[in-house]
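Residue-level structural notes
Given next are the chains, with one letter for each unit.
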Amino acid sequence: MSTQTTSRGDYWFSLLTQGAAERRGQCASVRVADGDLDGQAARFIAVVPDADNHYPRAARGEVGLLEGWTLAQVVSEAVAADRNQPQKRAIVAIIDVPSQAYGRREEAFGIHQALAGAAGAYAAARLAGHPVIGLIVGKAMSGAFLAHGYQANRLIAFNDDGVMIHAMGKESAARITLRSVEALEKLAATIPPMAYDIGHYGSLGLLDQRLDIRDPLQATPQELALVRTAVVKAIADSRRQGCGLENRLGADNRRSSVLVRERMRAEW
């Protein structure tokens, strides 16, 4: 039997899927359940730690080969099942992923394809009319976040110091940029895309909501209700908006992105 390490993703998956039918048969590091939110069908998906993972580099909640292909499978499965349904079920990605899995075997066996498969499945679900909601309860780092959650119509995050969103960890970023971690943090204070905290990330316009949860591993019934209400609202907003991601371009820090798009449309 697999031994699990407590994670925020595992905890919130269990909270949000009480009474739901959990899918079995996939790798232990991906949890999937079909339930409902405010009377609407929803599929909940989380990547969780698995100390007995076949690939040790993915034992602490990282997204590796098994996780990438499994995410692609369970998302695509929902899209296929709902193909002829007038209302597509929501897909809720519960996000607490510290990194993609780094290792020689992962690189040799094509982790880039596994993660691309997962990202592609989420994008296909969104384009097929499934409201895809990303609930960031912990870390959302590097390729793991791209594979699990970044393609969402709406991103909701806990307003908490334990929530961290970035392309790479601080130590890795410091090595790549030939700086110390301290120098990198100083620079990040003035350049929002380089920062790790949720406040700076929110200033990029990518978050739909930030929720105040006193202790993300000891939620009160009121906080659980707050999260469920936020996800239900995000689903409703996604159905009204459609499959695009235009809602991410409204922040001041995205003005250049808007300008580039306008000029490209004018050229083409």
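In what follows, the accompanying structure is described. A quick note: this is a predicted structure, and the numbers were derived from the prediction, not measured. (Residues numbered from 1 in each chain as written. Predicted model: local features only at pLDDT ≥ 70, side-chain atom pairs only at ≥ 80, totals over all residues. Heavy atoms only, no water.)

By the definition in use, this model includes three aromatic pairs. Of the aromatic side chains, those joined through ring pairs into one cluster are Tyr 11, Trp 12 and Phe 158. One cation-aromatic arrangement involves Arg 248 over Tyr 150; the distance from NZ or CZ to the ring centre is 4.7 Å. (Phe/Tyr/Trp six-rings, centres within 6.5 Å; stacked < 30°, edge-to-face > 60°. Lys NZ or Arg CZ within 6 Å of the ring centre and 35° of its normal.)

We now examine a nonpolar patch on the surface. On the surface, a cluster of nonpolar side chains totalling about 400 Å² of accessible area is made up of Val 260, Met 264 and Trp 268. Its relative accessible area of 82% is what places Trp 268 among the exposed residues. (Patch = residues over 30% accessible without salt bridge, like charges linked within 9 Å, V, L, I, M, F, W, Y side chains within 5 Å. Areas by Shrake-Rupley, 256 points an atom, 1.4 Å probe, with all protein chains shown as cover. Salt bridge = Lys/Arg side-chain N within 4 Å of Asp/Glu carboxyl O. Buried < 20%, exposed > 50% of the residue type's maximum accessible area, 1.4 Å probe, protein only.)

Assignment of secondary structure puts Phe 109 in the loop between α3 (104-108) and α4 (111-127). Along the primary structure Phe 109 and Arg 31 are separated by 78 residues, whereas in three dimensions their C-alpha atoms are 23 Å apart. Apart from the residues lying within four places of it in its own chain, the contact partners of Phe 109 are Tyr 55 and Leu 65. (Helix = DSSP H or I, 4+ residues; strand = E, 2+ residues; numbered from the N terminus. Contact = heavy atoms within 4.5 Å.)

The element strand β6 (residues 154-158) is extensively covered by neighbouring structure, given that five of its five residues are classed as buried. The alternating pattern of β6 places Arg 154, Ile 156 and Phe 158 on one face and Leu 155 and Ala 157 on the opposite face, and all of these are buried. Here strand β5 (residues 132-141) runs beside β6; their pairing, made up of four bridges, is parallel. By the bridge assignment, Ile 133 is partnered in β6 with Arg 154. (Pairing = 2+ DSSP bridges.)

Moving on, we come to the packing of helix α1 (residues 8-16) against helix α9 (residues 221-241). Two elements in contact, α1 and α9, have axes separated by 11 Å at closest approach and are oriented at 85 degrees. With respect to α9, the axis of α1 lies roughly perpendicular. In this structure, α1 contributes Trp 12, Leu 15 and Leu 16 to the contact, and α9 contributes Leu 224, Val 227 and Arg 228. Counted by class, the contact of α1 with α9 contains five nonpolar, no polar and one charged residues. (Axes fitted to C-alpha atoms, helices over the stretch in contact; angles between N-to-C directions. Parallel < 35°, antiparallel > 145°, perpendicular 65-115°, else oblique. Nonpolar A, V, L, I, M, F, W, Y, C, P; charged D, E, K, R; others polar.)

In terms of nonpolar packing, the biggest core is built from 70 residues, with Trp 12, Ile 45, Ile 94, Ile 136, Phe 158 and Val 227 touching the most fellow members. With residues near it in sequence (within four places) discarded, Ile 136 still touches Ile 95, Phe 145, Leu 155, Ile 156, Ala 157, Phe 158, Val 163, Ile 165 and Leu 207. (Core = buried A, V, L, I, M, F, W, Y, C linked by side-chain atoms within 4.5 Å.)

Moving on, we get to the pairing of β5. The buried fraction of β5 is high, at nine of ten residues. In this fold, β5 hands off to helix α5 (residues 142-147), which returns the chain to β6; that crossover is right-handed. As paired elements, β5 and strand β7 (residues 164-166) share three bridges and run parallel to each other. Directly across from Lys 139, in β7, lies its bridge partner Met 164. (Right-handed = clockwise from strand over helix to strand, strands pointing away.)

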